[in-house]
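As a plain string of letters, each chain reads:
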Amino acid sequence: MKSMVLPAVLFWILFSGFPQDNTASFIVEGEVLKPLKMTVKELASLRTSQVKASDKDGQEHTYEGVMLWEILRSAGVTLGKDLRGEHLTKYILVTASDGYEVVFSLPEIDPGFSDKIVLLAYGVDGKPLSAAEGPFRLVVPHDKIHARWIRQLNSVRILFTKD
């Protein structure tokens, strides 16, 4: 479950022969300083990573994407040394296009608090995600059950538990 940086240029070289939906996007909103609407191209402009993980059938794959904390940092979410006090009562609600939702706490995905990996993937094994999986999905290798490996992700919201 080692994370490696994959330059965005290399991603586009690898994927240049594959059809892509350049209009597909997801949003980041809620308790953020800068709400985002991100396409694959915009996501790939952030620091990208590769994660080797086994799918629900036990098959190992290499997923390409961006760590969830990197995306939240781009949206101005409080992370790192400033994640304390009331900020520890915030959580991440991730929603799929079919309404399926999963939850993460902020410290759970923050590398200052945890070594756990939560990757927002846009590719697998050198190809874009299939229509059934993507164009965006979460990969959560440390979860024993793949229930939070949300497919067809369309929103990431930061919320307060007190609301």
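Residues numbered from 1 in each chain as written. Predicted model: local features only at pLDDT ≥ 70, side-chain atom pairs only at ≥ 80, totals over all residues. Heavy atoms only, no water.

The subject of this paragraph is the packing of aromatic side chains. Evaluated as defined, the whole model comprises two aromatic pairs. Plain terms: the ring middles of Phe-26 and Phe-136 are 4.9 Å apart, the flat faces sit at 70° to each other, and that makes the pair edge-to-face. With a gap of 110 residues between them, Phe-26 in strand β2 (residues 25-30) and Phe-136 in the loop between β9 (127-128) and β10 (137-139) connect regions that are remote in the sequence. The residues Phe-26 and Phe-136 share a single accessibility class, namely buried. Ring geometry for Tyr-63 versus Trp-149: centroids 5.7 Å apart, planes at 85°, classification edge-to-face. Here Tyr-63 is found in strand β5 (residues 60-67), whereas its partner Trp-149 is found in the loop between β10 and β11 (153-160), with 86 residues between them in sequence. You can call Trp-149 buried: its relative accessible area is 4%. (Phe/Tyr/Trp six-rings, centres within 6.5 Å; stacked < 30°, edge-to-face > 60°. Helix = DSSP H or I, 4+ residues; strand = E, 2+ residues; numbered from the N terminus. Buried < 20%, exposed > 50% of the residue type's maximum accessible area, 1.4 Å probe, protein only.)

On to the confidence of the model for the protein. Predicted confidence across the protein gives a mean pLDDT of 87, with 86% of residues reaching 70 or more. Under a pLDDT of 50 for its full length, residues 1-19 has, in the predicted model, 43 contacts with residues more than four places off or in other chains. (pLDDT = per-residue confidence, 0-100. Contact = heavy atoms within 4.5 Å.)

Once that is clear, we can look at the pairing of β2. In this sheet, strand β3 (residues 36-39) lies alongside β2 in antiparallel orientation, the contact comprising four bridges. Paired with Val-28 across the bridge in β3 is Leu-36. Adjacent in sequence and paired antiparallel, β2 and β3 are bridged by five residues. As defined by bridge partners, β2 adjoins β11 across four bridges and the pair is classed as parallel. (Pairing = 2+ DSSP bridges.)

What follows deals with the environment of Ile-150. Tracing the backbone through its elements, the reader meets Ile-150 in the loop between β10 and β11. Sequence-wise, Ile-150 and Val-139 are 11 residues apart; in three dimensions their C-alpha atoms are separated by 7.7 Å. Beyond its immediate chain neighbours, meaning those up to four positions away, Ile-150 contacts Val-94, Thr-95, Ala-96, Tyr-100, Glu-101, Val-102, Phe-136, Arg-137 and Leu-138.

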